[in-house]
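Below, each chain spelled out in residue letters.
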Amino acid sequence: MLDSNQFADVFKTTSLPGGGIPISTTTHVPSIPTIVPNVPIYEGVHSTGQKTLWVVFVVQFLSTLVLAYLAYRTPVQKRLFHIITTFITAFATLSYFAMATGEGSSWAHHIVRESHNHHIPDTVDHIYRQVFFARYIDWSITTPLLLLDLSFLAGLSGANILVTVVADLIMILTGLFAAFSHGGAKWAWYAMACAAYLVVIFQLAIPGRRAVKAKGDAATGKLFVAIGGFTLVLWTLYPIVWGIADGARKWSVDTEIIAYAVLDILAKPVFGFWLLFAHGKKIQSIDGFWSHGLAAEGQVRLEDDEV
C-alpha cells in the first residue's frame, strides 16, 4: 500500500514559465510490493501427545510382562495363544518406545494452494505433518499375529489364513504410502487399504464362522463371534481416525495419538487377556515339533548321503 508521502512524490506539480497552467510530472512510481512466501507450518506432537505415548508404552510393557508370565506357567503344548499374544504387546511396546523417544517418526510434506481475486497471485502453504512410521511397522507385525489368534481360534484353513494375512499386510502398507502422499494419490492409497480391509472382514465373517461352527463347540463359537466382532469394530475405527487425522488433517497430532492409544490398548492387551482367560482352559495341546522339536527320526542323516 502507498502512503501519503509516496502519493506526493507521484503527483508533484510544476508551473509553466510565465505563469501557465500547472502540469503534473511523475518523478517515481514504486513497484508493487513483492508477496512474501508464507512461513512453513509444522503439525507435530506436543506435551499431551508425548505423555500419552509414554503412558501407553508403560501399559504395553506391563502387559507383556504379565502375558509372558502366564505363558511361562502354561505347559508348552498349550502355549500357542500365549506366545502369539505376548509377541503382540511386545512389539507394541517397542513401537511406543520409539514414538515416545522421537525416533519413530518423520514429516510428510503437504502443499496447500489458495487462489485469490483481483489479480493477486495465488498463495501456497507448505505444511509438514508428523507421521509416526513406527506405528505402521508395529501394525505390519501385530495385526497378522492378531489374525493368527482369531484364525486358530476359529480353525481356519491354511489357504484362508494366507489370504487374510496378505490382505492385512496390503492394508497396512497402502496406509503407510497414503500417509506420505498428498492430493489424489493419498486418497487412492487409502481406498486400496479399505478394499484390502474388506477382504479381511470377509475371511473372518464367512469362512471364519463356518470353520468355528464345524468344530461343534458352542462355547468356542460364541467366543469367536464376540471377540471377532470386538476386533472388527475396533479395526473399523482405525481407518476412520486415519481419514480424519492424517487424511483430512482435521485433528491435531496430539488428538490423533490419543485416539490411536485408546484403540491400541483395547485391540492388544485387552484382546489378549480376554482371549486367554476365556479360552485358556480349552486350548488344545500341540505335540510334535512345537513341543519337542525335531525328533531323532526327523533329523537329516548325513551318513545316508555318503556312499
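First, a word on what this report is: a plain description of the structure on this page. (Residues numbered from 1 in each chain as written. Predicted model: local features only at pLDDT ≥ 70, side-chain atom pairs only at ≥ 80, totals over all residues. Heavy atoms only, no water.)

**Quick look at the overall build of the protein chain**
Next, step 1: Each helix and strand counted, the protein chain has ten helices and five strands in total.
Next, step 2: Long-range pairs, those at least 24 residues apart, make up 75% of the contacts in the protein chain with a sequence separation of at least 6.
Next, step 3: Of the roughly 17,500 Å² of accessible surface on the protein chain, a fraction of 67% belongs to carbon and sulfur atoms. (Helix = DSSP H or I, 4+ residues; strand = E, 2+ residues; numbered from the N terminus. Contact = heavy atoms within 4.5 Å. Areas by Shrake-Rupley, 256 points an atom, 1.4 Å probe, with all protein chains shown as cover.)

**Re the sheet that holds strand 3 (residues 41–43)**
Next, step 1: The three strands lie next to each other as 3-5-4, forming an open sheet whose pairing is mixed. Edge positions in the sheet fall to strand 3 and strand 4 (106–114), since each of these pairs with one other strand and no more. For this sheet the average axis-to-axis angle between neighbouring strands, irrespective of direction, equals 25°. (Pairing = 2+ DSSP bridges. Axes fitted to C-alpha atoms, helices over the stretch in contact; angles between N-to-C directions.)

**Quick notes on the nonpolar core**
Next, step 1: Judged by nonpolar contacts, the single largest core of 43 residues is most densely connected at Y136, L153, M171, V200, I227, W235 and Y238.
Next, step 2: In terms of residue count, the dominant contributor to this core is helix 7 (residues 218–247) (nine residues).
Next, step 3: If we ignore the near neighbours within four places in the chain, the residues touching V200 are L147, T164, A167, D168 and W235.
Next, step 4: Grouped together as the second largest cluster of nonpolar side chains are twelve residues, L53, V56, Y96 and F132 included. (Core = buried A, V, L, I, M, F, W, Y, C linked by side-chain atoms within 4.5 Å. Buried < 20%, exposed > 50% of the residue type's maximum accessible area, 1.4 Å probe, protein only.)

**Some points on the packing of aromatic side chains**
Next, step 1: Evaluation of the coordinates by the stated rule reveals 16 aromatic pairs.
Next, step 2: Between W139 and Y260, the aromatic rings sit 5.4 Å apart at their centres with planes inclined by 70°, giving edge-to-face as the arrangement. Linking W139 in helix 4 (residues 133–154) with Y260 in helix 8 (residues 253–279), this pair joins segments that are 121 residues apart in sequence.
Next, step 3: For the pair Y190 and W242, a centre-to-centre distance of 5.1 Å together with 15° between the ring planes defines the contact as stacked. Within this pair, whereas Y190 is found in helix 6 (residues 184–215), its partner W242 is found in helix 7, the two being separated by 52 residues in sequence.
Next, step 4: A relative accessible area of 5% means that W242 is categorised as buried.
Next, step 5: Grouping aromatic residues by their ring pairs yields a cluster made of W54, F57, F61 and F97. (Phe/Tyr/Trp six-rings, centres within 6.5 Å; stacked < 30°, edge-to-face > 60°.)

**A word on unusual backbone geometry**
Glycine aside, residues mostly have negative phi angles, and peptide bonds mostly take the trans form.
Next, step 1: One non-glycine residue, R249, lies in the positive phi region at around 55°.
Next, step 2: The residue R249 is located in the loop between helix 7 and helix 8 in this model.

**Digging into the pairing of strand 5 (residues 123–131)**
Next, step 1: Direction of pairing for strand 3 relative to strand 5: parallel, over a ladder of three bridges. Note on strand 5: the bridge partner recorded for Y42 is Y128.
Next, step 2: Sheet topology places strand 4 next to strand 5; nine bridges connect them, and they run antiparallel. Across the sheet, residue H109 finds its bridge partner in strand 5, namely Y128.

**As for helix 2 (residues 47–72)**
Next, step 1: Here helix 2 contains 26 residues, and its C-alpha end-to-end distance of 38 Å stays within 8% of the 38 Å for a straight helix at 1.5 Å per residue.
Next, step 2: Along helix 2, the positions that sit buried rather than exposed are G49, T52, L53, V56, F57, Q60, S63, T64, L67 and A71.
Next, step 3: If you follow the buried residues of helix 2, they end up packed against helix 3 (80–100) and helix 8. (Expected span 1.5 Å × (residues − 1).)

**A look at the side chain of R129**
Next, step 1: If you trace the backbone, R129 turns up in strand 5.
Next, step 2: At 3.0 Å, the side chain of R129 and the side chain of E43 are in polar contact.
Next, step 3: A polar contact is formed between the side chain of R129 and the side chain of E256, at a distance of 3.0 Å.
Next, step 4: Leave out the neighbours within four places in its chain, and R129 touches E43, S106, W107, A108, H110, A245, D246, R249, W251, S252, V253 and E256. (Polar contact = N/O pair within 3.5 Å; in protein donor to acceptor, adjacent residues only side chain to side chain.)

**Quick look at the pattern of salt bridges**
Next, step 1: In the structure shown here, the tally under the stated rule is seven salt bridges.
Next, step 2: With a shortest N-O distance of 3.5 Å, R249 and E43 are connected by a salt bridge. In this pair, R249 is assigned in the loop between helix 7 and helix 8 and E43 in strand 3, connecting sequence segments 206 residues apart.
Next, step 3: Among the salt bridges present, the one from D264 reaches K268, with a minimum N-O distance of 3.8 Å. (Salt bridge = Lys/Arg side-chain N within 4 Å of Asp/Glu carboxyl O.)

**A closer look at the environment of A92**
Next, step 1: For A92, the position within the fold is in helix 3.
Next, step 2: Judged by relative accessible area, A92 falls into the buried class, the value being 0%.
Next, step 3: Considering only alpha carbons, one finds A92 and P269, 177 residues apart in sequence, at a separation of 9.7 Å.
Next, step 4: When neighbours within four sequence positions are excluded, A92 is seen to be in contact with Q60, D138, T142 and K268.

**Topic: the packing of helix 3 against helix 4**
Next, step 1: It is the contact of helix 3 with helix 4, at a shortest axis distance of 9 Å, that shows an interaxial angle of 165°. Taken together, helix 3 and helix 4 sit at an angle that is classed as roughly antiparallel. Helix 4 is crossed by helix 3, and the crossing has left-handed handedness. Residue-level contacts link L80, F81, I84, T85, F87, I88, F91, A92, S95, Y96, A98 and M99 of helix 3 to A134, R135, D138, I141, T142, L145, L146, L148, D149, F152 and L153 of helix 4.
Next, step 2: For the contact of helix 3 with helix 4, the per-class residue count stands at 17 nonpolar, three polar and three charged. (Parallel < 35°, antiparallel > 145°, perpendicular 65-115°, else oblique. Left-handed = near helix turned anticlockwise from the far one by under 90°. Nonpolar A, V, L, I, M, F, W, Y, C, P; charged D, E, K, R; others polar.)

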